[in-house]
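Listed below are the residues making up each chain.
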Amino acid sequence: MRTLRRRGVVAMVSTGLAAGLLAACSSGGGTTGVTANPGATSAGASSLTIGISFDQPGLGLKSGNTYSGFDVLTAVYIAKSMGVPEANITWVEADPGDRENLLIDGKVDMVLSTYSITEARKQKIDFAGPYFVAHQDLLIRRNDVQITGPDTLDGRKLCSVAGTTSAQLVTQQYAGKITLTPKSKFSDCVASLVNGDVDAVTTDDVILAGFAAEPQYKGILKVVGKGFSEERYGVGLKKGDSAMVTKVNDALKAYIADGSWNKALDATVGPSGYAIPSPPTPGSA
């Protein structure tokens, strides 16, 4: 994975900002702010069921009957490139521990849920992409001056979501030095941090920044800004469907080439000051 170089992780788009961007990234009749490649080959489907996160501000967020975030915009673009209008997308919550099973059991056609591409996961499902690269970091209470990076985690209580690459990495690299509390959602980890039950939450910087920017956490939480791993986000697909992998990769290449990728990130992430990285190369999953 590629490391995103930046001077420091800054707070990402807040829930309020995400709500303000609903016209740019909503489902159910709203404009997405991106235009599907008119030359893309239709997949022949009249509808798609897509798994996304429901609680990650700026990436995948459900608010009432509206869905917003970069993963949502990316999914809408892919669907349109296959001839499926946004109105014909059914959104399903894809919690980290459920993503592979949703695909294996045929409950969704694809998953876009800050889904890191790993060799272990590729034994069970296929990936298209990557379409974004992030790196793992730490979210802490703003008044904590003891945790300054991964080298200051000895004896600390961390929280992450079970089954994620973030949880696996800290368990392996800091075995015997930390205590890891697994949760089913990152929002639950953030609540534990605010309540003082854990010392830090660890996952991708772009996810952590989104939580730090939420109105209820502004001035309370901060991202350390010293990443210690990289995460390549891919589109999860059912194992063995090579035709679908090709179609999604073609859509992602067009998404980047026609400027829609940058436009989507500018709408959902850019206003926060988060440094937009260079795009990855789809098809290298």
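Residues numbered from 1 in each chain as written. Predicted model: local features only at pLDDT ≥ 70, side-chain atom pairs only at ≥ 80, totals over all residues. Heavy atoms only, no water.

Participant: Would you explain the overall build of the protein in this entry?
Facilitator: A count of helical and extended segments in the protein gives ten helices and 13 strands. Counted over contacts in the protein with a minimum sequence separation of 6, partners at least 24 positions apart contribute 76%. (Helix = DSSP H or I, 4+ residues; strand = E, 2+ residues; numbered from the N terminus. Contact = heavy atoms within 4.5 Å.)

Participant: Looking at this structure, I do not really get the state of the cysteines. What am I missing?
Facilitator: Linking two cysteines covalently via their sulfur atoms produces the bond known as a disulfide. The full count for this structure, using the stated rule, is one disulfide. Across a sulfur-sulfur distance of 2.1 Å, C159 and C189 are joined as a disulfide pair. For the disulfide bridge between C159 and C189, the dihedral angle about the S-S bond is near -70 degrees, and by the sign convention the bridge is left-handed. On the criterion of sequence distance, the pair formed by C159 in strand β9 (residues 157-161) and C189 in helix α7 (residues 186-195) is long-range, its members being 30 residues apart. In terms of burial, C159 and C189 fall into one category: buried. (Disulfide = S-S within 2.5 Å. Buried < 20%, exposed > 50% of the residue type's maximum accessible area, 1.4 Å probe, protein only.)

Participant: Help me out: how do you make sense of the sheet that holds strand β4 (residues 66-68) in this one?
Facilitator: What holds strands together in a sheet is hydrogen bonding between their backbones, with the strands either parallel or antiparallel. With respect to topology, three strands assemble into an open sheet ordered β2-β3-β4, the strand pairing being antiparallel. The sheet is open, and its two borders are formed by β2 (55-56) and β4, each paired with just one other strand. Inspection of the sheet shows strand β3 (residues 60-63) paired to β4 by three bridges, in the antiparallel sense. Along β4, the bridge assignment pairs K62 with Y67. (Pairing = 2+ DSSP bridges.)

Participant: Is there a simple way to explain the environment of A128 in this structure?
Facilitator: Note that A128 resides in strand β7 (residues 125-134). Once the C-alpha coordinates of A128 and D250 are considered, the two residues, 122 residues apart in sequence, prove to be 9.3 Å apart. Excluding its chain neighbours within four sequence positions, the residues that come into contact with A128 are G234, V235, L237, V245, V248, N249, L252 and A285.

Participant: Can you help me understand the packing of helix α3 (residues 70-81) against helix α9 (residues 242-257) in this one?
Facilitator: Think of two packed helices as two axes; the pair is described by the angle between the axes and how far apart they sit. At their nearest, the axes of α3 and α9 sit 9 Å apart, and the two run at 115 degrees to each other. On the basis of their axis angle, the class for α3 and α9 is roughly perpendicular. The two elements α3 and α9 cross, and the hand of that crossing is right-handed. Contact with α3, carried on its side by F70, L73, T74, Y77, I78 and S81, involves V248, A251, L252, A254 and Y255 of α9 and no other residues of that element. Residue classes in the contact of α3 with α9 are distributed as nine nonpolar, two polar and no charged. (Axes fitted to C-alpha atoms, helices over the stretch in contact; angles between N-to-C directions. Parallel < 35°, antiparallel > 145°, perpendicular 65-115°, else oblique. Left-handed = near helix turned anticlockwise from the far one by under 90°. Nonpolar A, V, L, I, M, F, W, Y, C, P; charged D, E, K, R; others polar.)

Participant: Would you explain empty space enclosed by the protein in this entry?
Facilitator: Gaps left between atoms show up when a probe the size of a water molecule is rolled over them. For the structure shown, the criterion picks out one cavity of 30 Å³ or more. Considering only enclosed or pocket space, the largest cavity measures out at about 80 Å³ in volume. Of all elements in the fold, only α6 (165-173) and β11 (200-204) reach the threshold of two or more residues within the lining of the largest cavity. Tallied by class, the residues present in the lining of the largest cavity amount to three nonpolar, seven polar and three charged. (1 Å grid on protein atoms, 1.4 Å probe; cavity = no way out; pocket = protein on both sides within 12 Å on 5 of 7 lines; lining within 4 Å. Points joined across faces, edges and corners; volume = space filled by probe spheres on them.)

Participant: Please clarify how the pairing of β9 should be interpreted in this entry.
Facilitator: Each regular strand carries side chains that alternate between the two faces of the sheet. Most of β9 sits inside the fold, with four of its five residues counted as buried. Pairing geometry for β9 and strand β10 (residues 179-183), over five bridges, is parallel. Paired with S160 across the strands is P182, a residue of β10. Regarding topology, α6 serves as the crossover connection from β9 to the parallel β10, and that connection is right-handed. (Right-handed = clockwise from strand over helix to strand, strands pointing away.)

Participant: Just checking my understanding: could you explain the sheet that holds strand β13 (residues 231-238) for this structure?
Facilitator: In spatial order, the strands read β5-β1-β6-β13-β7; together these five strands make up an open sheet with mixed pairing. Either end of the sheet is taken by a strand with one partner, and the two such strands are β5 (89-93) and β7. Along the sheet, α3 makes contact with β1 (48-52), β5, β6 (110-111), β7 and β13, crossing β5 at roughly 145 degrees.

Participant: Help me understand helix α8 (residues 205-212) in this model?
Facilitator: The α-helix advances 3.6 residues per turn, and as a result positions three or four apart in sequence lie on the same side. Counting buried residues in α8 gives eight out of eight residues, a clear majority hidden from the surface. Residues of α8 that are buried: D205, V206, I207, L208, A209, G210, F211 and A212.

Interpretation note: all reported values are geometric properties and have no functional meaning in isolation.
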